[in-house]
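Breakdown of the fold
Spelled out, the chains give:
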Amino acid sequence: MRIVFVGPPGSGKGTQSQRLKDDIGVVHLSTGEMLREALYAGTSLGIRAAQFADVGKLVPDEVVLGIVVDRLEQSDCIQGCLFDGFPRTLAQAEALDGILAERGMPLDLVLALQVPDEQIFKRLAARGRADDKPETIKERLHQYRDLTAPLLEYYLRRGILRQIDGVGTEEEVFARVQQAVLPARH
Ligand code: AP5
Ligand code: MG
């Protein structure tokens, strides 16, 4: 199965992906994590990406697409993939469609987590990652609205979008995620 988690910063994409990947036995692919790992490793790609991520901006499409294409070449992705925080622009979504079509492995589902802004600020302030300062969260939310939210319409038209209420305990949200994934498992 190939599933995309989309949602604003702090909506629980990473948290829910961790649970779902074990549940359905697929690889978890978080572009945010991959970019942070590249920074820790001190690669030029990681350093370039951090110049955008640190101020809450999206990293340029070609940078993100480069790392995703490389990752998808690895054999463990054949069993299925959980995309977390990718695609994040229409250009990325179209590129992913092209890559998956070439392999005859289209997306099965897009799960959109919905969480109000006040909750997002509370959750991220409590976590305190480098990009979790209030001003940066504000910019991440702007980027989400302007560049990522149009994907919802794109996938709605394709009939694979499922909206999920992301408010509640992690367990409550996961029960909704499982409910949304169930029909695609059979
Ligand atoms: P990325 O790492 O993807 O960050 P994000 O999308 O901004 O969001 P987070 O990872 O912070 O939140 P999440 O939705 O995963 O929630 P989580 O489960 O962690 O991207 C970082 C940056 O990299 C971007 O800003 C951009 O610059 C760049 N980037 C990445 N992908 C890109 C792409 N495709 N294109 C361009 N640029 C890209 O939960 C958040 C917190 O809430 C945690 O502390 C968690 O414990 C808590 N929490 C989770 N669920 C609940 C719950 N139900 N109740 C209470 N607390 C909860
Ligand atoms: Mg995340």
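Here the structure is a predicted model, which means the values were calculated and not measured.

1. Observations concerning the sheet that holds strand 5 (residues 161-165)
Spatially, the five strands line up as an open sheet ordered 2-3-1-4-5, and their pairing is parallel. Across the chains shown, the open sheet's two edge strands, defined by having one partner strand only, are strand 2 (27-30) and strand 5. Sheet twist, expressed as the mean angle between neighbouring strand axes with direction ignored, is 20°.

2. Comments concerning the site of ligand 1
Around ligand 1, a shell composed of 30 residues is seen, among which Thr15, Thr31, Lys57, Arg88 and Arg127 lie nearest. A distance of 2.6 Å is found between an oxygen atom of ligand 1 and a side-chain nitrogen or oxygen belonging to arginine 88. Here a nitrogen atom of ligand 1 and a backbone polar atom of glycine 168 are 2.9 Å apart. With four residues, helix 2 (residues 31-40) is the largest single contributor of residues to the shell around ligand 1. Its residues placed into classes, the shell around ligand 1 shows nine nonpolar, 11 polar and 10 charged.

3. With respect to helix 7 (residues 134-148)
Here helix 7 contains 15 residues, and its C-alpha end-to-end distance of 20 Å stays within 8% of the 21 Å for a straight helix at 1.5 Å per residue. Contacts made by the buried residues of helix 7 are with strand 1 (2-6), helix 3 (44-53), helix 6 (117-127) and helix 8 (150-158).

4. Some remarks on the packing of aromatic side chains
Any aromatic ring pair is given by two values, namely how distant the centres are and how the planes are angled relative to each other. Tallied over the full model, the rule gives two aromatic pairs. Relative to tyrosine 155, the ring of tyrosine 154 has its centre 5.0 Å away and its plane inclined at 80°; by these criteria the two rings are edge-to-face. According to the relative accessible area criterion, tyrosine 155 is buried, its value standing at 1%.

5. Things to note about the nonpolar core
One finds Leu72, Phe83, Leu96, Leu107, Val110 and Tyr155 to be the most contacted residues of the largest nonpolar core, which totals 32 residues. Elements supplying a minimum of two residues to this core: strand 1, strand 2, helix 2, helix 4 (61-72), strand 3 (81-84), helix 5 (90-102), strand 4 (109-114) and helix 8. Counting residues per element, this core draws most heavily on helix 4, at six residues. Counting residues in each nonpolar core, the second largest holds 15 residues, with Ile3, Phe5, Phe174 and Val177 among its members.

6. Description of the packing of helix 2 against helix 4
Interaxial distance between helix 2 and helix 4 falls to 11 Å at its minimum, and their mutual angle equals 100°. In terms of orientation, helix 2 lies roughly perpendicular with respect to helix 4. Each of Thr31, Met34 and Leu35 in helix 2 lies in contact with helix 4, whose residues at this interface are Val64, Ile67, Val68 and Arg71. When the residues that make up the contact of helix 2 with helix 4 are grouped by side-chain class, the tally is five nonpolar, one polar and one charged.

7. Here's the deal with the side chain of aspartate 97
Along the chain, aspartate 97 falls in helix 5. Judged by its relative accessible area of 18%, aspartate 97 falls in the buried class. Only 2.4 Å separates the side chain of aspartate 97 from the side chain of tyrosine 154, close enough to count as a polar contact. Here aspartate 97 is in contact with Leu107, Tyr154 and Arg158, once residues within four sequence places are set aside.

Each value, and the rule that gives it
- Starting from 1, residues in each chain are numbered consecutively following that chain's sequence as written.
- Key to labels: chains lettered from A, ligands numbered from 1, both in the order written.
- Where totals are concerned, whole chains, interfaces and linings use all residues; where local detail is concerned, this predicted model gives features only for residues with pLDDT of at least 70, and gives and counts side-chain atom pairs only at 80 or more.
- Remark: hydrogens and water are excluded; side-chain values derive from all non-hydrogen atoms of the structure.
- One bridge is not enough; two strands pair if DSSP finds at least two bridges between them.
- Think of it this way: any DSSP run of H or I at least four residues long counts as a helix, any run of E at least two long counts as a strand, and we number them from the N terminus.
- Note on geometry: axes are C-alpha line fits, over the in-contact stretch for helices, and angles between N-to-C directions span 0 to 180 degrees.
- The rule for a residue being near a molecule or strand is that one of its heavy atoms must lie within 4 Å of it.
- Between N or O atoms, a polar contact is any pair within 3.5 Å; within protein, one atom must be a potential hydrogen donor and the other a potential acceptor, and residues adjacent in sequence are included only when both atoms are from side chains.
- Under the grouping applied here, Gly and all other residues not named as nonpolar or charged are polar, the nonpolar ones being Ala, Val, Leu, Ile, Met, Phe, Trp, Tyr, Cys and Pro and the charged ones Asp, Glu, Lys and Arg.
- The length a helix should cover is 1.5 Å for every residue beyond the first.
- Residues are treated as being in contact if the distance between any of their heavy atoms lies within 4.5 Å.
- Here the aromatic set is Phe, Tyr and Trp, taking the six-membered ring for Trp, and pairing holds for ring centres within 6.5 Å; pairs whose planes are under 30 degrees apart are stacked, those over 60 apart are edge-to-face, and all others are tilted.
- Burial classes follow relative accessibility: with a 1.4 Å probe on protein chains only, a residue under 20% of its type's maximum area counts as buried, one over 50% as exposed, and anything between as partly exposed.
- Definition of nonpolar core: a set of buried residues of the types Ala, Val, Leu, Ile, Met, Phe, Trp, Tyr and Cys, connected through side-chain atoms within 4.5 Å.
- By definition in this entry, angles of less than 35 degrees are roughly parallel, angles greater than 145 are roughly antiparallel, angles of 65 to 115 are roughly perpendicular, and the rest are oblique.

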